[in-house]
Amino acid sequence: CTKFQPYWKSRPAAVLILGGIREDGAFEILLTRRTENLETHKGQYALPGGMRDSESESPEATALRETQEEMGIAPDEVEVFGRLPPIWTPTGFTITPVVGLLRRPIGEIAVHPNPDEIDFWFWCGIERLRKTGTYTAETRVITHQGASHTVPIDVYQIDEHRIWGATGAILRNFIGRLEKVETAN
């Protein structure tokens, strides 16, 4: 990140890695696709989230507020467990991933996506994200301050859904941390 722009000069944002448990005990993560009408990251797959409203708003409050605005899931339906390290994007955001879990099973939670922000959403099983062949590491050329740079990107292909960029990197970090916890236990 420091090769490009220090993240303290970027716009602070937060996303919610929202986990949920199905009735059968499967663990899933909520993924969304942004509409083509939004200012940035049009049509890209994302975790619920957005920009911080004020200097005093915490990443947790931002992620919960944005999840309610985008998906209609009330903050009191989510238990927050912590944060992952922030990541900087070439579009000028510093995103803090917040980790949370629904307090009730997925089937008991009403989801009401905001059609101005979200045009598609789904719950994706963690085992699906871990499945061999779902993840690939690729490279992409970006232009930053007039110079071209080749950067690595994390890509998850779930059926026709290509999840990459910041969302891919956040998922890769989260899954890697889950695997460390599982092997330690």
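From a predicted model like this one, the values you see are computed outputs, not experimental measurements.

A. Molecular detail of the sheet that holds strand S9 (residues 135-144). Read from one edge of the open sheet, three strands run S9-S10-S11, paired in antiparallel fashion. The sheet is open, and its two borders are formed by S9 and strand S11 (161-163), each paired with just one other strand. Strand after strand, the sheet turns through a mean of 40 degrees between neighbouring axes, direction not considered. Pairing analysis gives three bridges linking strand S10 (residues 147-158) to S11, with the strands arranged antiparallel. Its bridge partner lying in S11, Gln157 is registered against Arg162.

B. Focus on the packing of aromatic side chains. One pass over the structure, following the stated rule, counts three aromatic pairs. Seen in terms of ring centroids, Phe120 and Phe122 are 5.8 Å apart; in terms of plane orientation they differ by 45 degrees. Their pairing is tilted. On the basis of relative accessible area, Phe120 is assigned to the partly exposed category, the value being 29%. With centroids separated by 5.2 Å and ring planes inclined at 55 degrees, the aromatic side chains of Tyr135 and Tyr156 adopt a geometry described as tilted.

C. Geometry of the pairing of strand S2 (residues 27-34). The element S2 is largely enclosed, with a buried count of six among its eight residues. As paired elements, strand S1 (residues 11-21) and S2 share three bridges and run antiparallel to each other. Each bridged residue has a counterpart across the sheet, and for Gly19 the counterpart in S2 is Ile29. Bridge count for S2 against strand S8 (residues 118-125) is seven bridges, and the pairing is antiparallel. Residue pairing in the sheet places Leu31 in a bridge with Phe122 of S8. Of the strand pairs in this sheet, S2 and strand S3 (residues 45-46) are connected by two bridges, and their pairing is antiparallel. Within the sheet, the bridge partner assigned to Arg33 lies in S3 and is Tyr45.

D. Representation of unusual backbone geometry. The phi dihedral of Asp159 is positive, around 55 degrees, even though this residue is not glycine. Positionally, Asp159 belongs in the loop between S10 and S11.

E. Representation of helix H1 (residues 59-71) in the model. For H1, built from 13 residues, the straight-helix expectation of 18 Å at 1.5 Å per residue is met to within 8% by its first-to-last C-alpha distance of 17 Å. Along H1, 10 of the 13 residues are buried, which leaves the element largely enclosed by surrounding structure. Looking at the buried side of H1, the elements it contacts are S1, S2, strand S4 (49-51), strand S5 (78-83), strand S7 (93-102) and S8. Positioned one or two residues after H1, Gly72 has a phi angle of 75 degrees, which is positive.

F. Local environment of the side chain of Glu57. As for its placement among the helices and strands, Glu57 is situated in the loop between S4 and H1. Residue classification places Glu57 among the buried positions, given a relative accessible area of 14%. One polar contact links the side chain of Glu57 to the main-chain amide nitrogen of Asp53, over a distance of 2.8 Å. Engagement of the side chain of Glu57 in a polar contact is seen with the side chain of Thr62, the distance being 2.9 Å. Excluding anything up to four places from it in sequence, Glu57 contacts Arg52, Thr62 and Arg65.

G. Molecular detail of helix H3 (residues 165-184). With 20 residues, H3 should reach 28 Å at 1.5 Å per residue; the first-to-last C-alpha distance of 29 Å fits that figure. Along H3, the residues classified as buried are Thr167, Gly168, Ile170, Leu171, Phe174 and Ile175. All buried residues of H3 project into a common sector of 160 degrees when viewed along the axis, lining one side. Looking at H3, the residues exposed on the side facing more than 90 degrees away from the buried face are Lys180, Thr183 and Ala184.

Conventions we followed
Residues numbered from 1 in each chain as written. Predicted model: local features only at pLDDT ≥ 70, side-chain atom pairs only at ≥ 80, totals over all residues. Heavy atoms only, no water. Pairing = 2+ DSSP bridges. Helix = DSSP H or I, 4+ residues; strand = E, 2+ residues; numbered from the N terminus. Axes fitted to C-alpha atoms, helices over the stretch in contact; angles between N-to-C directions. Phe/Tyr/Trp six-rings, centres within 6.5 Å; stacked < 30°, edge-to-face > 60°. Buried < 20%, exposed > 50% of the residue type's maximum accessible area, 1.4 Å probe, protein only. Expected span 1.5 Å × (residues − 1). Contact = heavy atoms within 4.5 Å. Polar contact = N/O pair within 3.5 Å; in protein donor to acceptor, adjacent residues only side chain to side chain. Arc of directions from axis to C-beta.

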